[in-house]
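# Summary of structural features
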Amino acid sequence: MHIPDGVLSTPVVVSGVAATGALTAYAASKTRTKELPKISLLTGAFFVASLFSLPLPGPTCVHPMLAAFLGILLGSKAVIAILVGLGLQALLLQYGGITTLGINTLMVALPALAGAQIFYLIRGKTGSLLTRGFISGAVATMLVGIFLAVVMYFSDERYGEGYFSLVNMILFTHLILAVLIEAPVTGFALRYLHKARPSLLKD
Amino acid sequence: MGSNGQLTGETWQPDLDSGINSWGHAWDTRLKIISLLIFVFGVVSLSSIYTVLASLFLSIISVISARIRLSFLLQRIKGVLPFLVFIYLGLILGRGLEHFYDSLYLGGLVSLKALTSITATLLVLKTQSLEEVFKGLSHLRLPPILVSVLFLSYRYVFMFVEILRDTRRALASRGFSNIFCRQTLKVYGEITGALFVKALDRSEIVLQAMEARGFDGRACLPLPINSTLQVRDLLKTFAVILVMAVLLWIDRSVLA
């Protein structure tokens, strides 16, 4: 879910820009010139893959985030890929906004890094790559939902008022998306990647 | 791209109006980007619906006078519409009828700010090619790595759209139906995996080709830009800053 301009309060927007700036500067300092084509191509693939229309039960469909998948493939450089990918989505398709690019990047990048950590942490505990992909994809998406809910609540407390509040709806929809969409897609994608190019995963 | 209508049509051609001449087209790209950032950051910090309405009115007037078609605006609104509807639903359902008008006001304020930002962004996106925008960004002290990734990714996106289009065609010819079931998710997961494998395979070839041409990540940055700074460009930027300062003053002092 991309937050458009105007939804968040100025302090939240400015904090997002500052934090993303720092995180990007760190990722850029760790990036070697030789990695630029790889990061750029994966950014392009991330952009296009996140435009898939995946069906949900009923007449609706969603687009996958693939946060954990990108984190597993790129590590800390995923921050650059996510920033550029979301920037292109904002410019070309008006998904998200200019002032919210910082928060939108943080919202996907931090869970992407956490998802990747979880994927490698549970390596010894469960043998199946599909299960590890499933867990990391689901956890990353739930973290995106929690981050979005917290950011909305801190922007305006009215977003969190009532049982059917925006904050609760965000948490509920991300829980559903995590289990029904992101977990299986991440799991199957990682299993395919392992079959086709086992060297790409640090297993 | 079938159900992903976003990848077809005019939204995919951001420089469709770049052949037209207007005050917007003649504005230096770097200063135009800076002005947009000042304007949009200013708009999101406004708290009164009257000042936001004034900024939307000014944006629409600017877009029309720059000879940009308003149909572009309608296309781009589609991108933010789901989130705005979601916000209205959450506010009205969550806070109930007791706070109905306050929820309506907050939803309206948020929607108008989003609309103003979209309208103002059109002035940058539709008055020169997107590549010129990227070149302008390369002059604004962005990290060279970021600009390089932005440039390269933008080019690769079109390649991946083609690959995805072919894949969809192949799936359709095999009778694949897009319904929610385990098999569908498996197919989507494998398409995603295949897309990334193709990307990684190609990255090796691209790196060799780029290095053979002397690429070192920063050799070509900042990129040459098709405009020179003139007094009229500075005046346009100053006008934007002045308008935003007045709107902020009215918002904070008069309407507070």
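### Topic: the overall build of chain B
Of regular secondary structure, chain B possesses 8 helices and 0 strands. A buried classification covers 50% of the 256 residues belonging to chain B. Carbon and sulfur atoms make up 65% of the accessible area of chain B, which amounts to about 12,300 Å² in all.

### Observations regarding the interface of chain B and chain A
For interface size, the figure often reported is the accessible area lost on association. Each side of the interface is counted separately: chain B has 82 residues, and chain A has 79 residues. The tally of links between chain B and chain A comes to 9 residue pairs in polar contact (both at pLDDT 80 or more). Where the side of chain B that touches chain A is concerned, the elements lending two or more residues are helix 1 (29–44), helix 3 (70–95), helix 4 (100–125), helix 5 (130–138), helix 6 (144–173) and helix 7 (182–212) of chain B. Residue composition of the side of chain B that touches chain A, grouped by class: 51 nonpolar, 19 polar and 12 charged.

### A closer look at the packing of helix 3 (residues 67–74) of chain A against helix 4 (residues 78–93) of chain A
Residues and elements named next belong to chain A. Two elements in contact, helix 3 and helix 4, have axes whose closest approach is 9 Å; the angle formed by their N-to-C orientations is 135 degrees. Relative to helix 4, the element helix 3 is oriented oblique. Contact residues: Leu 70, Gly 71 and Leu 74 in helix 3; Ala 78, Ala 81 and Ile 82 in helix 4. When grouped by side-chain class, the residues that make up the contact of helix 3 with helix 4 number 5 nonpolar, 1 polar and no charged.

### Remarks on the packing of aromatic side chains
How two aromatic rings sit relative to each other is given by the distance of their centres and the angle of their planes. Following the criterion strictly, the structure yields 9 aromatic pairs over all chains and no others. Here Trp23(B) and Trp27(B) contribute two aromatic rings whose centre-to-centre distance is 5.9 Å and whose plane-to-plane angle is 40 degrees, an arrangement assigned as tilted. Exposure remark for Trp27(B): the relative accessible area of 6% places this residue in the buried category. Their ring planes at 80 degrees and their centres at 5.3 Å tell us that Tyr154(B) and Phe158(B) sit as a pair that is edge-to-face. In this pair, Tyr154(B) and Phe158(B) are both assigned in helix 6, 4 residues apart and thus about one turn of the helix distant. Members of the aromatic cluster, joined through ring pairs, are Phe134(B), Phe151(B), Tyr154(B) and Phe158(B). A cation over an aromatic ring shows up here: Arg132(A) above the ring of Phe119(A), its NZ or CZ 4.2 Å from the ring centre. We note Lys126(B) situated over the ring of Phe72(B); from NZ or CZ to the ring centre the distance is 3.7 Å.

### Describing the packing of helix 2 (residues 36–49) of chain A against helix 6 of chain B
Axis separation between helix 2 of chain A and helix 6 of chain B bottoms out at 7 Å; the angle between their running directions is 50 degrees. In terms of their interaxial angle, helix 2 of chain A and helix 6 of chain B are classed as oblique. You can see that helix 2 of chain A and helix 6 of chain B cross each other, and the crossing is right-handed. Between helix 2 of chain A and helix 6 of chain B, the contacting residues are Leu36(A), Pro37(A), Ile39(A), Ser40(A), Leu41(A), Thr43(A), Gly44(A), Ala45(A), Phe47(A) and Val48(A) on the first element and Ile145(B), Ser148(B), Val149(B), Leu152(B), Ser153(B), Tyr156(B), Val157(B), Met159(B), Phe160(B), Val161(B) and Leu164(B) on the second. Counted by class, the contact of helix 2 of chain A with helix 6 of chain B contains 16 nonpolar, 5 polar and no charged residues.

### Here we look at a nonpolar patch on the surface
All names here are of chain A. On the surface, a cluster of nonpolar side chains totalling about 550 Å² of accessible area is made up of Leu 143, Ile 146, Val 150, Tyr 153, Phe 154 and Leu 171. Counting residues per element, the nonpolar patch draws most heavily on helix 6 (residues 129–155), at 5 residues. Here Tyr 153 shows up in helix 6.

### Considering the pattern of salt bridges
This structure, assessed with the given rule, holds 13 salt bridges over all chains. Where Glu35(A) meets Lys77(A), a salt bridge forms, and the shortest distance between an N and an O atom there is 3.4 Å. Here Glu35(A) is found in the loop between helix 1 (10–29) and helix 2, whereas its partner Lys77(A) is found in the loop between helix 3 and helix 4, with 42 residues between them in sequence. A salt bridge links Glu132(B) to Lys135(B); the nearest nitrogen and oxygen atoms lie 3.5 Å apart. Here the residue Glu132(B) and the residue Lys135(B) both occupy positions in helix 5, the gap between them amounting to 3 residues, near one helical turn.

### Details of empty space enclosed by the protein
Enumeration over the complete set of coordinates arrives at 2 cavities of 30 Å³ or more. Size it by volume and the second largest cavity reaches roughly 30 Å³. What lines the second largest cavity is simply Asp5(A), Ala90(A), Gln94(A), Gly96(A), Gly97(A), Ile98(A), Ser117(B) and Thr121(B). By residue class, the composition of the lining of the second largest cavity is 2 nonpolar, 5 polar and 1 charged.

### Quick look at the domain arrangement of chain B
The domains assigned to chain B are domain 1 (9–129 + 228–254) and domain 2 (144–212). For domain 1 of chain B and domain 2 of chain B, the distance between their C-alpha centres works out to 33 Å.

The rules behind the values
Counting restarts for each chain: residues are numbered from 1 in the order of the written sequence. Chains and ligands are labelled sequentially in the order written, the chains with letters from A and the ligands with numbers from 1. For this predicted model, a pLDDT threshold of at least 70 governs which residues receive local features, and a threshold of 80 or more governs which side-chain atom pairs are given and counted, while totals over whole chains, interfaces and linings are taken from all residues. Note: side-chain values were computed over all heavy atoms of the structure, leaving out hydrogens and water. Only DSSP runs of H or I covering at least 4 residues are called helices, and only runs of E covering at least 2 are called strands; the numbering of each starts at the N terminus. Note on exposure labels: buried denotes an accessible area under 20% of the residue type's maximum, exposed denotes more than 50%, and partly exposed covers the range between, all computed with a 1.4 Å probe on protein chains only. To measure how exposed things are, a 1.4 Å probe is used in the Shrake-Rupley method; for residues, cover is taken only from the protein chains shown. We call two residues contacting when some pair of their heavy atoms lies within 4.5 Å. What qualifies as a polar contact is a pair of N or O atoms within 3.5 Å, subject to a donor-acceptor requirement within protein and to the restriction that residues adjacent in sequence count only when both atoms come from side chains. Polar here means any residue other than Ala, Val, Leu, Ile, Met, Phe, Trp, Tyr, Cys and Pro, which are nonpolar, and Asp, Glu, Lys and Arg, which are charged; Gly is therefore polar. Under this scheme, a helix contributes an axis fitted over its contacting stretch, all axes are lines through C-alpha atoms, and angles between N-to-C directions fall in the 0 to 180 degree range. Each angle gets one of four labels, with under 35 degrees taken as roughly parallel, over 145 as roughly antiparallel, 65 to 115 as roughly perpendicular, and the rest as oblique. Two rings from Phe, Tyr or Trp (for Trp, the six-membered ring) form a pair when their centres are within 6.5 Å of each other. A pair whose planes differ by under 30 degrees is stacked, one over 60 is edge-to-face, and the rest are tilted. Ring-over charges, as used throughout, are those where CZ of Arg or NZ of Lys falls within 6 Å of the ring centre and within 35 degrees of the ring normal. In this scheme, a crossing is called left-handed if the near helix is turned counterclockwise away from the far one by less than a right angle; it is called right-handed if the turn is clockwise. Residues enter a patch when their relative accessible area is above 30% and they make no salt bridge; the linking distance is 9 Å between like charges and 5 Å between nonpolar side chains (Val, Leu, Ile, Met, Phe, Trp, Tyr). Here, a salt bridge means any side-chain nitrogen of Lys or Arg that lies within 4 Å of a carboxyl oxygen of Asp or Glu. Cavities and pockets were defined on a 1 Å grid built over protein atoms only: a cavity is a set of grid points that admits a 1.4 Å probe from which the probe cannot escape, a pocket is an open set flanked by protein on both sides within 12 Å along at least five of seven lines, and lining residues are those with an atom within 4 Å of any such point. Grid points are joined across faces, edges and corners, and a volume is the space filled by probe spheres set on the points. How far each domain reaches was decided by an automatic or database domain assignment.

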